Amino acid sequence: MDRQVELYDTTLRDGTQQEGISLSVEDKLAITQRLDELGVQYIEGGYAGANPKDDEYFRRVRTLKLRNAQVAAFGNTRRAGAKVAEDPSIKALLDSGAPVVTIVGKASEFQVKKVLGTSLEENLAMIADSVTHLKAQGRRVFFDAEHFFDGYKSNPDYALQALRVAADAGAERLVLCDTNGGTLPDEVGRITAEVGKALGLPGGAAERSASPSPAPDGHPSPRGTGAKPALGIHTHNDTDTAVAAALAGWQAGALQIQGTVNGYGERTGNANLISIIANLQLKLGATCVTDAQLASLTGVSRYVAEVVNRRPFPFQPFVGRSAFAHKGGLHAAAIEKSAQTYQHIPPEQVGNVNAVLVSELAGRGSVARLVRELGLGMELTDADHRRILKHVKDHEARGFSYEDADASFELVVRRSLPNYEPPFELVDFMVVVQDRIGRRGAVSRGAEQPGGGSALLSEATIKVRVGEQELHTAAEGNGPVSALDAALRKALRQFYPNLKDVRLTDYKVRVVNEGSGTGASVRVTIESADGGSIWRTVGASENIIEASWLALADSLEWWLVHNARER
Ligand SMILES: [Zn+2]
């Protein structure tokens, strides 16, 4: 079964509307490349003419060699009362040089009258003029019908009329936008089907697969194209159903699905294209990407998270670190019988892996199972098992917990083996925190410092051994932990330059009273990422600096064990 679908990514335009996300031109170009490799057909690069950054993007993206994707520029229809050829927004769309332009226009009577403040007729003329003009200049035109579902519910005739004028003028896609994100999936499905019927377009996904190129069926073709337009669907996640709504729209007849990587977008976000691709391909029988591209989903999701500087959401369906997690030992017996017992798909299909939560290590048997589940591929003797178990129990008594830190557990196992060579060893460290009033020439302190920080200076000095060599480095940081991190990396980078890819994505501190009762200790859990893998490490001590150091050192050691043996 091969149902047609078209993926349209708007991470670079709608995705950047989410608070806290800002992308440089370099970032946008890098993401474009990655989306192209993923097999997305259309990449909306930005708002033409809205800012110099987006214009530079459109200039530079032309030099990329894209294999699958066409770049789309986004913009408005001409303004009310203006001549289309002189309209700055239309001109900017043409200047972008993008082969596809997506123009947004109103399809809601309420929006036209109350927000646009123009007549219903003029709004239709704005749509028709803009599409006609852009087509005449040789562009492919997609029409985003803003507030479509709300508009359709209050005045279906006018909403349909807006689509008809766009189609008649030659728009290839009529994209039904749930701009405010308030429409539930069943309603999106019903209305999409009604629109398809009213416009004489092929019906749901099943029907379309039967006749991939719609045959003439008596309905007039839109002028200028000779082919019927297709519907698209653009949903937002305000009711937590954006993915379901997008899929419902597709099942009801939309060809194009718009979304963003990881669902980034205004307010609560857009439809998450990562989940949409996985669902289409693995659940709905559509072929939108190759198996290899599907297996790159986790990588793409984490890569984009990295670029937008967001911590990858551990519980994100399909690609999150915990999407295929299970407690070690608990389901182990069942999983050994069949891998499908506790997971809805094999994680490798989307490029993810099982995460094993290290907990309830009862005996040697459970250590052995965990080592196997973590895929460490090590032969352990009974003595090794006993040593590991003892080490874990001793450390748990001191406040360590490995449940959230499988990378530290892995190191415990490795270190218990006689032939393990750590990539580095700490000789000693010193951290100084000093209040330097007047630093950087500032006369004031505390909240008046840039960024609300104080004039506190943290400096760390460390001594590490790598092989035969001993290294002594110092670095500053905005706190003692970041100073230690900086000093350690500075030392190790000389041996392992790739270490620069490793980024600290989360740092958690908890006071733990469980354990031996020798007083409260502090547990630090660190999550790190390198744009592909995510791993967690733990440290515990009565001293927060030492706890942080242990987690930090484990993080870098784990990465080096896996990635950088090439000294
Ligand atoms: Zn949107």
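Here is what the cut-offs are and how they apply
Residues numbered from 1 in each chain as written. Predicted model: local features only at pLDDT ≥ 70, side-chain atom pairs only at ≥ 80, totals over all residues. Heavy atoms only, no water. Helix = DSSP H or I, 4+ residues; strand = E, 2+ residues; numbered from the N terminus. Buried < 20%, exposed > 50% of the residue type's maximum accessible area, 1.4 Å probe, protein only. Contact = heavy atoms within 4.5 Å. Areas by Shrake-Rupley, 256 points an atom, 1.4 Å probe, with all protein chains shown as cover. Expected span 1.5 Å × (residues − 1). 1 Å grid on protein atoms, 1.4 Å probe; cavity = no way out; pocket = protein on both sides within 12 Å on 5 of 7 lines; lining within 4 Å. Points joined across faces, edges and corners; volume = space filled by probe spheres on them. Nonpolar A, V, L, I, M, F, W, Y, C, P; charged D, E, K, R; others polar. Axes fitted to C-alpha atoms, helices over the stretch in contact; angles between N-to-C directions. Parallel < 35°, antiparallel > 145°, perpendicular 65-115°, else oblique. Left-handed = near helix turned anticlockwise from the far one by under 90°.

Visitor: Sorry, what's going on with the overall build of the chain here?
Guide: In terms of regular secondary structure, the chain is built from 19 helices and 16 strands. Looking at the chain as a whole, 53% of its 567 residues are labelled buried. When contacts within the chain are restricted to residue pairs at least 6 apart in sequence, those whose partners lie at least 24 apart make up 69%. As displayed, the chain offers around 24,600 Å² of accessible surface, 50% of which is attributable to carbon and sulfur atoms.

Visitor: Would you take a moment to explain the environment of Val243 for this structure?
Guide: Along the chain, Val243 turns up in helix H10 (residues 242-251). In this structure the C-alpha to C-alpha distance between Val243 and Ile257, which are 14 residues apart in sequence, comes to 9.8 Å. Ignoring anything within four residues of it in the chain, the contact list for Val243 reads Ala271, Asn272, Ser275, Ile276 and Asn279.

Visitor: Teacher, can you tell me more about helix H8 (residues 185-198) here?
Guide: An α-helical turn contains 3.6 residues, so any two residues separated by three or four positions project in the same direction. Between the first and last C-alpha of H8 there are 20 Å, a value that for 14 residues agrees with the 20 Å anticipated at 1.5 Å per step. Here H8 has its buried residues at Pro185, Val188, Gly189, Ile191, Thr192, Val195 and Gly196. Positive phi appears at Gly200, one or two residues downstream of H8, with a value of about 70°.

Visitor: Looking at this structure, I do not really get empty space enclosed by the protein. What am I missing?
Guide: One way to see where empty space is left: roll a probe the size of a water molecule over the atoms. As enumerated under the stated definition, the model contains one cavity of 30 Å³ or more in all. Every residue lining the largest cavity is listed: Arg311, Asp404, Asp506, Lys508, Thr525, Ile526, Glu527 and Arg536. Those elements giving two or more residues to the lining of the largest cavity turn out to be strand S14 (503-512) and strand S15 (521-529). The element that contributes the greatest number of residues to the lining of the largest cavity is S15, accounting for three residues. Its residues placed into classes, the lining of the largest cavity shows one nonpolar, one polar and six charged.

Visitor: I tried to follow the packing of helix H1 (residues 25-38) against helix H2 (residues 52-61) on my own but got confused; where do I start?
Guide: The description of two helices packed together rests on the angle between their axes and the distance between the axes. As a packed pair, H1 and H2 sit with axes 9 Å apart at the nearest point and diverge in direction by 45°. When the axis of H1 is compared with that of H2, the two are oblique. Crossing handedness for the pair H1 and H2: right-handed. Between H1 and H2, the contacting residues are Val25, Glu26, Lys28, Leu29 and Thr32 on the first element and Lys53, Asp54, Glu56, Tyr57, Arg60 and Val61 on the second. Of the residues belonging to the contact of H1 with H2, the class tally is four nonpolar, one polar and six charged.

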